[in-house]
Structure formats: C-alpha cells, structure tokens
Amino acid sequence: MSVHSKLYEGKAKILYTTDDPEVLLADFKDDATAFNAQKRGTILGKGQINCSISSQLFKQLELNGIKTHYIDSPSPNQMRVKSVKILPLEVVVRNIAAGSLCQQTGLAVGTILQPPLVEFYYKNDPLGDPLLTRDRLLLLELATAEQVDAITNLALQINKFLISFWWQCGITLVDFKLEFGLDSQQQLLLADEISPDTCRLWNTAEADPNRRVMDKDRFRRDLGNVEDAYQEVLQRVLQAVESQN
Ligand code: UDP
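Given the structure is predicted, the values throughout are model-derived calculations rather than measurements.

### Things to note about helix α4 (residues 145-168)
Taking 1.5 Å of rise per residue, 24 residues should cover 34 Å, and α4 covers 35 Å from first to last C-alpha, within 8% of that figure. Those residues of α4 that sit buried are Gln147, Val148, Ile151, Leu154, Ala155, Ile158, Asn159, Phe161, Leu162, Phe165 and Trp166. Taken from the residues just after α4, Gly170 is the one with a positive phi, measuring 75°.

Here you go:
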C-alpha cells in the first residue's frame, strides 16, 4: 500500500490518503490536548498504545455485529480505515456522573446513571463543542432524525459491549465519546478511536478518587503516571482478548 498525501491533521491523529480512494491511513500521535486545546503536552508512547487499544476494541465490536471503519493495523501506531464522511457530532455515553455533567448539573461525581445517558455535542472547536438538543441538531442539519435514532441505538449497544469488556479488564467504564461517519454507500460506521483519550476508565479495585483514574483525566488533572496508566490499560486489554481466544 503506498501512502499518498496528508489529508488532515487533528489533535491526536494524522490522516493520509492511500492508493485506494476508499481507504485512509490514520497515524496516531503522542500529542495530548485538553480543555479545547488550551492545555497541551506529550504522553510518551500514547500513539502506539491508543492505536493498539482501539484496534482491539474495533475488532471485538465487529465480532459483535457493530460496523466500524477499522480495516487493520499495519504498524503499532497506524490504522487503515475505511474513508468516511465524519458527522460533526461527539456522541457521549455516560454510566456514572463525571466531568462536564457534574460541572453543569451539580450531580455528585460517581452518581450511577441508570439508564445510561446518551448526549450529542456539536463537534466545533471555535464554538467550544457545545451540548446540543435533538431539535438544535436537526435545525443545524448535522444529521437526519433517522440517523439520530440509529446512532442512539448503536451507542447504547456499544456501551453494553464495552461495559462488559472493560469489566473483564478490572476496569469500570464511567463514560466515553464516539464519532460516526458515512461511507460511500451512506452506511453508518463507528469511526475515530476508543481509547483512554476518549473514555473515563476507573480501576475497579481502587476506591481512591485519584488513584483509580486510568485515562486522560490523569493528564487533564495533573495526577502523574499518565504513561503507566495508559500502558496498564493496554496490557489489560491484550490479556482480556487473549483469554477469549
Ligand atoms: N471526550 C472526548 N473528547 C472531547 C470531549 C469529551 O473524548 O472532546 C470524552 C471524555 O474523555 C469523557 C467523555 O467524553 O470520557 C465525557 O466528557 P465530558 O463531557 O465530561 O467532558 P470533559 O470533562 O472531558 O470536559
């Protein structure tokens, strides 16, 4: 596969075109950003770790009937993906209250959310990724009503699978963000990544509110040992996948 030109550089990944117009190459970077890129840094090895974790999760999701953009991973920090038009939505699923939900509503961190909450944010950096209502989303034509319903169902299905997968890793899935895209046939595919950058993951065996954190909150909140936490998550994912085979 010959790689052509840089198509797009985001905060965590670079996308390249390939000789196949339906295939892109995603290069995962060690760069880390938080708070709408006001905080910037590097998490050593993050590109390889997040690419590996995402690849394993996409493979498992495909085995469970969820269609994703994942094709394969030709090197530790590179993923070949189906070219899709990304919908400008950040789809957040929450099982436990944390982060912006607590800041905006006053709910206590750790409150169990049953049923899980599915939220849509407008993927728009200049506007600060605002929370959308269904009507605003339709008003802005960010997706059709049918797509919103399909995405909500998929997000809940993915959540069920991920809760159980992370539980096998000794990890509690607090919340996570998904992105979806449309392929050339207008088929809805799960895209982007699923990693400690995009999920809140708590070590189930640890009650201490700082020590239990195994995700990007270690970077956001300057908790230290960021690389170790990401590495530990990858090891647990690989063990869980191995124990299934
Ligand atoms: N998230 C993400 N990218 C974003 C915003 C949020 O991956 O641009 C993830 C975040 O890591 C967390 C979940 O979505 O797992 C919910 O994030 P929240 O709305 O609480 O925002 P935050 O507290 O990160 O500002």
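### Observations regarding the UniProt feature "domain: SAICAR synthetase/ADE2 N-terminal" (unreviewed entry) in the protein
As annotated in UniProt, the feature "domain: SAICAR synthetase/ADE2 N-terminal" (unreviewed entry) corresponds to residues 6-236 in the numbering used here. This span, residues 6-236, is 30% helix and 33% strand, and a straight line between its end C-alpha atoms measures 33 Å.

### Remarks on the environment of Tyr16
If you trace the backbone, Tyr16 turns up in strand β2 (residues 13-18). Among the residues examined, Tyr16 registers a relative accessible area of 19% and is labelled buried. Distance in space between the C-alpha atoms of Tyr16 and Asp27 is 7.9 Å, their sequence separation being 11 residues.

Calculation notes
Residues numbered from 1 in each chain as written. Predicted model: local features only at pLDDT ≥ 70, side-chain atom pairs only at ≥ 80, totals over all residues. Heavy atoms only, no water. Helix = DSSP H or I, 4+ residues; strand = E, 2+ residues; numbered from the N terminus. Expected span 1.5 Å × (residues − 1). Buried < 20%, exposed > 50% of the residue type's maximum accessible area, 1.4 Å probe, protein only. UniProt positions renumbered as here; feature names shortened; annotations may be inferred.

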